[in-house]
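Observations on chain architecture
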Amino acid sequence: MAAPVRWCQPRTEAEISAAVKDAAADGLPVRALGSGHSFTSIAATAGVALDLSRWTGITAADTQTGLVTVRSGTTLRTLNAELGGLGLAMANLGDIDAQTLAGALSTGTHGTGAGLGGLATQVEALDLVLADGSLVTCSAASRPELFAAAQIGLGALGVITSVTLRCVPSFTLVADERPVPVDEVLEQFDSLAAANDHFEFYWFPYGRQALVKRNNRLPAGLAPGPHGQAVAAMPGWRRFWEFEVMENTAFGTLCRLGRARPPLIPALNRLSSAALSSRSYADVSHRVFVTPRRVRFVESEYAVPRESLLHVLGELRRQVPRLADPVMFPVEVRVAAADDIWLSTAYGRDTAYVAIHQYTGLPYRSYFDLFESIVADVAGRPHWGKMHTLGTGRLRALYPRYDEFRRVRAEVDPEARFGNAYLTQVLGDPLRPADPP
Ligand SMILES: Cc1cc2nc3c(=O)[nH]c(=O)nc-3n(C[C@H](O)[C@H](O)[C@H](O)COP(=O)(O)OP(=O)(O)OC[C@H]3O[C@@H](n4cnc5c(N)ncnc54)[C@H](O)[C@@H]3O)c2cc1C
């Protein structure tokens, strides 16, 4: 992969704009960097890399309306902490907080919740530096087409400088995690998704048990703990034991063993599945949504129509045991409500997300190819920041607003200043007459 010829660390909007103009003057492409947590080369550039790690923090907050304006380089970890100080929170989050806000939005990062959308559905307005260096604001009321495109814009439309989020009052989540036979989970999938604010499950491909996670909001005013609600916060030592030792150190050891002796993987995988245990605890929302992930892996994730989930899981259960290269990591299933953001993986349909993983260093190609062939049958849409092989033809068929996105891109970035190889794969090259926008 080509390295950037220039690296900039702007500290102001004027410096971001100047960096884009300078890149144009030198005929170079330019790309904003997030935290580098995508599994695709979506952030890569052979031109100018804009590191926004000096462009962080909340700049305005209205605790009555929940509207909060945040500089785009702020990590979710910092944002969650700063929002907590204001008595506010994001309504839904994914399972790590290392991403920058703009990086997470630009790839369609999501958490789980049948009645909730991904992070981009929480955005009210965006400020962007466009390819000509101009700064524009867009929202549902002002430049609505640019807004519908830029909420999940893949970094293709400009550099997001600020994001105005609609936040909610801080809330407590009660977490209930327990092993349940996977057949039972699949039978009850719709009712589990409907009955819980945030429902997900993990399933180890050779095991019979799934780990079901149900996170539900504690009604406002009801405090967790021995005298309020029945479930207490997890003590620090137990948090360390369960999240660091069991889920990272012990699981990492099993993975290394599996990589050294692949024939052992199905047995190790069943061992991980059998070792799943129950726990209940309550905590401030982001401490429940987010867990440490230190074991390295590769990942692909597809969004499928909710009603197709049973077919996809059924095929994985049937076909994964036949793969020559065994699979060490669990499959993760989450849900989201339909939304209307043009390149959202949940555009226009209630969605189930199926994420597959493989431990780093183990062969994954045949597994990921198998997965792509299964989800292709049910119009699966790939997560923009996770591994997939789809190109323009297929993506146009999957996204009803795909051509509108490309039209807006051609309007605001006619020279593909923000282009890179990944965008050429998924959006085509607007500079090639054979591939018109
Ligand atoms: C361990 C792990 C767990 C994960 N968990 C989840 C999860 O629970 N849910 C989920 O949906 N995804 C998840 N992901 C994927 C992750 O959320 C996305 O890949 C996300 O984009 C990474 O954010 P980043 O800040 O690292 O962005 P990067 O990967 O650095 O960049 C992503 C894109 O954003 C663009 N970008 C960054 N800043 C700007 C800006 N200011 N203006 C315009 N474009 C910009 C970049 O150019 C690039 O196109 C996970 C990834 C990992 C590694």
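Source: prediction; values computed, not measured. (Residues numbered from 1 in each chain as written. Predicted model: local features only at pLDDT ≥ 70, side-chain atom pairs only at ≥ 80, totals over all residues. Heavy atoms only, no water.)

With that out of the way, let us pick up helix α10 (residues 309-319). Among all positions in α10, only L309, V312, L313, E315 and L316 are buried. On an axial view of α10, the arc spanned by its buried residues comes to 160°, and they lie on one face. (Buried < 20%, exposed > 50% of the residue type's maximum accessible area, 1.4 Å probe, protein only. Helix = DSSP H or I, 4+ residues; strand = E, 2+ residues; numbered from the N terminus. Arc of directions from axis to C-beta.)

In this structure the tally under the stated criterion is 20 salt bridges. Among the ionic pairs, R6 bridges to D26, the shortest N-O distance being 2.9 Å. Within this pair, whereas R6 is found in strand β1 (residues 6-8), its partner D26 is found in the loop between α1 (13-25) and β2 (30-33), the two being separated by 20 residues in sequence. The partly exposed category is assigned to R6, whose relative accessible area is 28%. D26 sits in the partly exposed class, given a relative accessible area of 47%. Between D369 and R365 there is a salt bridge whose closest N-O contact spans 3.1 Å. Pair noted here: D369 and R365 are both in helix α11 (residues 365-376), with a separation of 4 residues, about one helical turn. On the basis of relative accessible area, D369 is assigned to the partly exposed category, the value being 38%. Residue R365 is classed as partly exposed on the basis of its relative accessible area, which comes to 38%. The structure contains a network of salt bridges with shared partners spanning D95, E299, E301, E332, R334 and K386. (Salt bridge = Lys/Arg side-chain N within 4 Å of Asp/Glu carboxyl O.)

Turning our eyes to something else, we now look at the packing of aromatic side chains. To describe a pair of aromatic rings, one takes the distance between the centres and the angle between the planes. This structure, assessed with the given rule, holds 10 aromatic pairs. When the centroid spacing of 5.9 Å and the interplanar angle of 55° are considered together, the rings of F189 and F199 count as tilted. One end of the pair, F189, is in helix α6 (residues 189-195); the other, F199, is in strand β12 (residues 198-203), and 10 residues separate them in sequence. By way of ring pairs, the aromatic residues F39, F297 and F329 are connected into one cluster. Over the face of the ring belonging to W55 we find R71, whose NZ or CZ atom lies 4.7 Å from the ring centre. (Phe/Tyr/Trp six-rings, centres within 6.5 Å; stacked < 30°, edge-to-face > 60°. Lys NZ or Arg CZ within 6 Å of the ring centre and 35° of its normal.)

A separate point is helix α13 (residues 402-412). Within the span of α13, buried status applies to Y402, F405, R406, V408, R409 and V412. Within α13, the buried residues cover an arc of 160° as seen down the axis, which keeps them to one side. Looking at the buried residues of α13, the elements they touch are α4 (144-150), α12 (392-398) and α14 (421-427). (Contact = heavy atoms within 4.5 Å.)

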